[in-house]
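Structure at a glance
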Amino acid sequence: MKRNKINNKVAIIMGSKSDYRVMHDCEKILRTLKVKFETKIVSAHRTPKRLYEFASSVDKKGFAVVVSGAGGAAHLSGMVASIASSTTIIGVPIKSKKSGLDGLDACLATLMMPPGVPVGCVAIDGAFNAGLLAASIIGIVDPKVKSNLEKWKRLQTNSVKKKPK
Ligand code: RP5
C-alpha cells in the first residue's frame, strides 16, 4: 500500500480505567509538546477483539507510537507489538493495588519479550517518560514537535538551581 502521509500521532491505551491515574501523565506531556494523541481502554484479557481491531489498524490510522499501560499480568503491550505491523510500542508497567507485587509483575511481563517482538519498557508508573520518548520519536518526522521537546528540555535544565538553599 502506498502511503501519502506521515504517521505523527500517538495512541495511548490502557488495560483498565483504573490505569488512567498513571497514564494521564502521558497525556499531560504530549499536550505540552503539542503532539496529537488519542486515548482508549483496550484490555488484552477482557476485550481481546477490541485489542485485535486496534492493533491491526494502528499503523494505517497514522499512529507512529503506541504508549501502552497495564498492571498485573500485563500482556497488553506485548500483544499489541505482536499484531501491529511497524508501529513502535512503549510499555508502561503499572503498579496495581490488587496484585501486591508493587508493579514488578507488570514490569517483567512488559520487559521480557521474546526476540522478534520488541516492546520498549519505561519504569513502573513511568507514563511521563513514555510520553517524552514518544515525542522524541514523533520529532524525527515533525520538526515542530522536535523544537517543542528541545525547548521543554532547556526549561527543565534552567529550572535546576545551583544551590539547595
Ligand atoms: C490490568 O489489571 C489493568 O491494566 C489494571 O492495571 C489491573 C487492574 O484492573 P482493574 O481490576 O482495576 O480493572 O489488566
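In this text the structure is predicted, and so the values were computed from the model without any measurement.

About the cut-offs
- Residues numbered from 1 in each chain as written.
- Predicted model: local features only at pLDDT ≥ 70, side-chain atom pairs only at ≥ 80, totals over all residues.
- Heavy atoms only, no water.
- Near = heavy atom within 4 Å.
- Polar contact = N/O pair within 3.5 Å; in protein donor to acceptor, adjacent residues only side chain to side chain.
- Areas by Shrake-Rupley, 256 points an atom, 1.4 Å probe, with all protein chains shown as cover.
- Buried < 20%, exposed > 50% of the residue type's maximum accessible area, 1.4 Å probe, protein only.
- Helix = DSSP H or I, 4+ residues; strand = E, 2+ residues; numbered from the N terminus.
- Pairing = 2+ DSSP bridges.
- Phe/Tyr/Trp six-rings, centres within 6.5 Å; stacked < 30°, edge-to-face > 60°.
- Lys NZ or Arg CZ within 6 Å of the ring centre and 35° of its normal.
- Axes fitted to C-alpha atoms, helices over the stretch in contact; angles between N-to-C directions.
- Parallel < 35°, antiparallel > 145°, perpendicular 65-115°, else oblique.
- Left-handed = near helix turned anticlockwise from the far one by under 90°.
- Contact = heavy atoms within 4.5 Å.
- Nonpolar A, V, L, I, M, F, W, Y, C, P; charged D, E, K, R; others polar.
- Patch = residues over 30% accessible without salt bridge, like charges linked within 9 Å, V, L, I, M, F, W, Y side chains within 5 Å.
- Salt bridge = Lys/Arg side-chain N within 4 Å of Asp/Glu carboxyl O.
- Lys, Arg positive; Asp, Glu negative; His and termini not counted.
- Charge placed at Lys NZ, Arg CZ, Asp CG, Glu CD.
- Core = buried A, V, L, I, M, F, W, Y, C linked by side-chain atoms within 4.5 Å.

**Describing the site of the ligand**
Close to the ligand lie Gly15, Ser16, Ser18, Asp19, Arg46, Ala70, Gly71 and Lys98. At 2.7 Å from an oxygen atom of the ligand is found a side-chain nitrogen or oxygen belonging to Ser18. One of the side-chain N or O atoms of Arg46 is found 2.8 Å from an oxygen atom in the ligand. Out of a free accessible area of 360 Å², the ligand has 79% covered by protein chains.

**Re the pairing of strand β3 (residues 63-71)**
Counting buried residues along β3, 8 of its 9 residues qualify, which places the element largely inside the surrounding structure. Of the pairings in the sheet, the one linking strand β1 (residues 9-14) to β3 comprises 6 bridges and is parallel in character. Bridge pairing links Ala11 to Val66 in β3. As paired elements, β3 and strand β4 (residues 88-94) share 7 bridges and run parallel to each other.

**Regarding the packing of aromatic side chains**
For the structure on display, the rule yields 1 aromatic pair. Seen from their ring centres, Phe128 and Trp152 are 5.9 Å apart, and the 50° between their planes marks the pair as tilted. One end of the pair, Phe128, is in helix α5 (residues 127-138); the other, Trp152, is in helix α6 (residues 143-158), with 24 residues separating them in the sequence. Classification of Trp152 as buried rests on a relative accessible area of 18%. We note Lys9 situated over the ring of Phe63; from NZ or CZ to the ring centre the distance is 4.4 Å.

**Some points on the packing of α5 against α6**
Between α5 and α6, whose axes approach to 8 Å, the crossing angle comes to 135°. When the interaxial angle is binned, α5 and α6 end up oblique. Crossing geometry of α5 relative to α6 is assigned as left-handed. Contact residues: α5 offers Phe128, Leu132, Ala135, Ser136 and Ile138, while α6 offers Val145, Leu149 and Trp152. Here the residues of the contact of α5 with α6 are counted per class, giving 7 nonpolar, 1 polar and no charged.

**A closer look at a positive patch on the surface**
A contiguous patch of positive charge, built from Lys34, Lys144, Lys151 and Arg154, is present on the exposed surface. In this structure, Lys151 sits in helix α6.

**Examining the nonpolar core**
Residues Val10, Met23, Leu33, Val35, Val65, Val67 and Val92 are the most contacted members of the largest nonpolar core, which totals 26 residues. Residue assignment for this core shows that the elements contributing at least two residues are β1, α1 (20-32), β3, β4, α5 and α6. Residue contributions to this core peak at 6 residues, all from α5. When neighbours within four sequence positions are excluded, Val92 is seen to be in contact with Val22, Met23, Val67, Ser68, Gly69, Ala70, Val122, Ala123, Asp125, Gly126, Ala127 and Ala130. If you look at the next biggest cluster of nonpolar residues, it comprises 19 residues, including Ala44, Leu51, Leu76 and Val119.

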